[in-house]
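Report on the structure
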Amino acid sequence: MIDQDLLERLAALDTTTVSDALDFLNLAGATVGIVPLWNCPKVVGRASTVQLGPKKEAAPTVHLITPVVAEITTHDRVLMIAGGIEGISCWGDILANAAKQKQVRATLIDGYSRDIEANEQLAYPVYGRGVTMISARNRVVQYDAGQPIQFAGVTVHQDDYVIADRCGTVIVPQQQISKVLDLAERIQRRQDGMVEAVKAGRSVEEVMHDQQFEAIKVEESL
């Protein structure tokens, strides 16, 4: 089920603000190194988790990720792919076309993608660690889907909330989304006020003093 209000509130923020909210709440979620692989728009959605790994058997297998894409029925999905191998693609243009048909919002990979120009022409957002030309076929297979994964050092569960932009990728546990959004919106309002104060001539040393950020913690406890 799509909770459009929560997704719209998340989309109004950026990854830095959401990351700050997670910090205040002592929650893990901010990743490092998962960035746009073309000039992608911001991505906001719910995680569909995929676990990949090295192929160990010689027998042919269903191509990785295709069963996950085939089963998608809602329009809030972001594919979260873990288990990529250095220099080996986890994503390409045929999969991108299939995902686009299903109105998947984006693919985020703890690994590599190829056919990035085709993804860009399709206007399909892809985030990851880098690009390559080397195929996954006979090298990487799908181990599991819909289960918790380790993604760039963060545990991601099916249906967790995801936001990604040029600064990187942040995952918000679904049980914490309302609390994180409330705090992130307060942080955003305070930071907007700080920018206006600097523009009005106040000392940046004063405006950015730690006590200004500590005030957010006080608000959180009230």
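Treat the numbers as computed from the prediction; the structure is a model and nothing was measured. (Residues numbered from 1 in each chain as written. Predicted model: local features only at pLDDT ≥ 70, side-chain atom pairs only at ≥ 80, totals over all residues. Heavy atoms only, no water.)

Points about the pattern of salt bridges
Counted according to the given criterion, the structure contains six salt bridges. With a closest N to O distance of 2.8 Å, E185 and R9 form a salt bridge. One end of the pair, E185, is in helix α6 (residues 177-199); the other, R9, is in helix α1 (residues 4-11), with 176 residues separating them in the sequence. A salt bridge links D110 to R129; the nearest nitrogen and oxygen atoms lie 2.6 Å apart. With D110 in the loop between β4 (106-109) and β5 (112-113) and R129 in the loop between β6 (126-128) and β7 (130-131), this residue pair connects regions lying 19 residues apart in the sequence. A residue is classified by how much of its surface remains accessible, and R129, at 38% relative accessible area, is partly exposed. Several salt bridges converge on common partners, so that one network encompasses R9, D182 and E185. (Salt bridge = Lys/Arg side-chain N within 4 Å of Asp/Glu carboxyl O. Helix = DSSP H or I, 4+ residues; strand = E, 2+ residues; numbered from the N terminus. Buried < 20%, exposed > 50% of the residue type's maximum accessible area, 1.4 Å probe, protein only.)

Examining the environment of V50
You can see V50 is positioned in strand β2 (residues 43-54). Residue V50 is classed as buried on the basis of its relative accessible area of 0%. Taking the C-alpha atoms as reference points, V50 and Q142, separated by 92 residues in sequence, lie 7.3 Å from one another. Discounting residues that sit within four places of it in the chain, V50 has contacts with I65, V68, M80, I81, A82, Q142, D144, A145 and I149. (Contact = heavy atoms within 4.5 Å.)

What about the nonpolar core?
Grouped together as the largest cluster of nonpolar side chains are 42 residues, with contacts concentrated most on I65, L79, M80, W91, L108 and F151. Considering every element that reaches this core, the biggest residue donor is strand β3 (residues 77-82), with five residues. Grouped together as the second largest cluster of nonpolar side chains are 19 residues, L22, V172, V180 and A184 included. (Core = buried A, V, L, I, M, F, W, Y, C linked by side-chain atoms within 4.5 Å.)

Structural measurements only, silent on function.
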